[in-house]
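Coordinates in review
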Amino acid sequence: MAVALITGASQGIGECIAKRLAKDGYDIAINYYPTENDRAKAVKVAEACSELGARAEIFPADVSDFTQCADMVKAVKDAFGSLDALVNNAGITKDTLLTLMSEEQYDQVIAVNQKSVFNMMKPAIKLMMKQKKGAIVNMASVAGLYGNPGQINYAASKAAIIGMTKTAAKEVGARNIRVNAVAPGLIKTPMTDVLTDEQKGKIFERIALKRFGEVEEIASVVSFLLSDSASYITGQTIEISGGLEM
Ligand code: NAP
């Protein structure tokens, strides 16, 4: 059975990806941020994946921590025997205008959103190279493609992920490992629940499809990119935004 590890999978897009990949037939490793609250949510996601026929286990780790990520990849390999698919989904926002942003707000977002992708890809790709196959999807954002006022930290982290995706794809393509990214627009999750109606309204006006996205609409593209149906696609960033920018 192929094994998929999804970071930040206790809620939102990550939770939905875990369930979708369980339906696809993967065994599922669910990463969650190490708090009691997130653990309880991760247990529920694991139960849902089990009901869909997958073997599912939970793995606590702060993905901004290099050592915790290496240990988690090893723990997944020890538990399941392999790691075939990795989804670097975990992310945070600390929004405010550039002139008001603290160094801490900037550094935190870079550490959780961007450095985590290095922290996770390094041990995962080493393992996938030994296995002679693997697929990775990194979670970027339209903010990384086009910029977004109030998100200098977030836009930097997500633009970096696009460059990291292309670089890793070029480094490991010959090893039968594919690395792609998705760039969602505004998707209904706990992360975007905190936006004001005014903020949501401004984004809504720019969306060609005139609605916000659903988590399932991200999970289906991730599922495709990890599958053999996408066997000749690597280094790409697929925008999933209902036509926010064209
Ligand atoms: P979410 O509901 O806030 O979920 C993010 C998950 O990541 C949470 O479970 C969170 O745990 C976890 N996480 C945060 N920091 C972590 C860390 N250091 N280690 C491990 N896990 C950590 O957000 P979402 O909307 O599903 O977003 C998922 C991904 O999609 C993110 O990368 C986000 O940037 C990206 N994205 C989302 C949208 C959107 O419109 N929703 C658009 C573009 C891109 P806690 O709850 O404990 O923080």
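All of the points below concern the structure found in this document. Keep in mind the model is a prediction, meaning the values are calculated, not measured.

Thresholds, definitions, all that
Residues numbered from 1 in each chain as written. Predicted model: local features only at pLDDT ≥ 70, side-chain atom pairs only at ≥ 80, totals over all residues. Heavy atoms only, no water. Buried < 20%, exposed > 50% of the residue type's maximum accessible area, 1.4 Å probe, protein only. Helix = DSSP H or I, 4+ residues; strand = E, 2+ residues; numbered from the N terminus. Pairing = 2+ DSSP bridges. Right-handed = clockwise from strand over helix to strand, strands pointing away. Near = heavy atom within 4 Å. Polar contact = N/O pair within 3.5 Å; in protein donor to acceptor, adjacent residues only side chain to side chain. Nonpolar A, V, L, I, M, F, W, Y, C, P; charged D, E, K, R; others polar.

Here we take up the pairing of strand β2 (residues 27–32). Among the six residues in β2, six count as buried, and that is most of the element. Judged by which residues are buried, β2 turns out to be covered on both faces: Asp-27, Ala-29 and Asn-31 on one side and Ile-28, Ile-30 and Tyr-32 on the other are all buried. Across four bridges, the pairing between strand β1 (residues 3–6) and β2 is parallel. Each residue of the ladder has a partner; that of Leu-5, found in β2, is Ala-29. Between the parallel elements β1 and β2, the chain passes through helix α1 (residues 12–24) in a crossover that is right-handed. The pairing of β2 with strand β3 (residues 56–60) spans five bridges and is parallel. Note that in β3 the partner of Tyr-32 across the bridge is Pro-60.

Near the ligand lie 29 residues; those nearest to it are Asp-38, Asn-89, Tyr-154, Ile-187 and Thr-189. Contact between the ligand and Gln-11: an oxygen atom at 2.8 Å from a side-chain N or O atom of the residue. Mapped onto the shell around the ligand, the elements with two or more residues apiece are α1, α6 (152–172) and α7 (190–193). When residues in the shell around the ligand are grouped by element, the largest group, three residues, is from α7. Across the shell around the ligand, the residue classes tally to 15 nonpolar, 11 polar and three charged.

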